[in-house]
Amino acid sequence: SFRIPGYVTALKQVRGQDGRMRDLAEGDRVRQGAVLARIRSTEYQDKVHQAAGQAEAAEASAHKARLDFDRATRLFGSDSITKPDFDAARAQYDATQAQLRAAQAQTAEAQVSLRDTTLVAPFSGDIVKKAVELGSFVGPGVATFAIANTDTVKIVVGVPDTVVRSIKMGQPVEVAIDAFPTRTFKARISRMSSAADQTTRNF
């Protein structure tokens, strides 16, 4: 999902069976880091430019306040200015430093939001659900794609109490499933429930 809201302006293009390019769809495989979709970035670019301009202004103010504070420090050391004047120069310097840090933080946040206009695949896998189309509006945190990685899978089986005693963690087993009647899969016991199922009484 996107962290920020916006209108979808681009979807990943893949080559279809007819050789033509088409939008990413359910059943397609994607690699980690692939750009799945983009939302309109114009307003987020504007925020970056605005924040960067404010940071530059804050940096200029902080630089001037630093020079004034250095001069006030020298003058105060030679008893050429009063303590209130020196304190005022220090307060002004501290204030501009705080403003500069705030402006820099705002710029960094705006840059993160701009990067978040691009949605990338967190890992390689198959698209099992697509809930976004070109031009649609997406809200923050609303799932747009579901990706499944089936390189490693888990199977949950129930065994009676007479068998569970002979099973140990890490024990290798062979698994057969109806979908692949001629194949067996090698696996290992990774978890064992400490209580039986209330309905089947299996573990």
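Further up the page is the structure itself.
Here's a quick rundown of the structure. Keep in mind the model is a prediction, meaning the values are calculated, not measured.

The next point concerns the overall build of the chain. A count of helices and strands for the chain gives three helices and 11 strands. A compact globule built from 203 residues would reach a C-alpha radius of gyration of about 17 Å, whereas the chain, at 31 Å, exceeds it by more than 25%. If you line up the chain on its principal axes, its C-alpha atoms span 95 × 55 × 30 Å. For the chain, with 203 residues in total, the buried portion stands at 24%. By element, 52% of the accessible surface of the chain is carried by carbon and sulfur atoms, the whole surface being about 14200 Å². Measuring between centres, the 28 positive side-chain charges of the chain sit 7 Å from its 23 negative side-chain charges.

A word on the pattern of salt bridges. Counting across every chain of the model gives 11 salt bridges. Here R22 makes a salt bridge to D28, at a shortest N to O gap of 2.8 Å. Judged by relative accessible area, which is 33%, R22 ranks as partly exposed. By relative accessible area, D28 is classed as buried at 11%. Here K83 makes a salt bridge to D87, at a shortest N to O gap of 3.0 Å. Here the residue K83 and the residue D87 both occupy positions in helix α2 (residues 83-115), the gap between them amounting to four residues, near one helical turn.

Glancing now at α2. When the terminal C-alpha atoms of α2 are compared, their 48 Å separation across 33 residues agrees well with the 48 Å that a helix rising 1.5 Å per residue should span. Those residues of α2 lying buried are F86, A89, Y93, T96, L100, A103, T107, A110 and S113.

On to the environment of F203, then. Note on placement: F203 falls in the segment after β11 (185-188). Taking the relative accessible area as the measure of exposure, F203 reaches 28% and is therefore partly exposed. A sequence separation of 44 residues divides F203 from V159, and the C-alpha atoms of the two residues are 5.3 Å apart. F203 has contacts with V157, G158, V159, P160, D161, V164, S193, S194, A195 and A196, leaving out every residue within four places of it along the chain.

Conventions and cut-offs
- Residues numbered from 1 in each chain as written.
- Predicted model: local features only at pLDDT ≥ 70, side-chain atom pairs only at ≥ 80, totals over all residues.
- Heavy atoms only, no water.
- Helix = DSSP H or I, 4+ residues; strand = E, 2+ residues; numbered from the N terminus.
- Rg over C-alpha atoms; globule rule 2.2 N^0.38 Å.
- Buried < 20%, exposed > 50% of the residue type's maximum accessible area, 1.4 Å probe, protein only.
- Areas by Shrake-Rupley, 256 points an atom, 1.4 Å probe, with all protein chains shown as cover.
- Lys, Arg positive; Asp, Glu negative; His and termini not counted.
- Charge placed at Lys NZ, Arg CZ, Asp CG, Glu CD.
- Salt bridge = Lys/Arg side-chain N within 4 Å of Asp/Glu carboxyl O.
- Expected span 1.5 Å × (residues − 1).
- Contact = heavy atoms within 4.5 Å.

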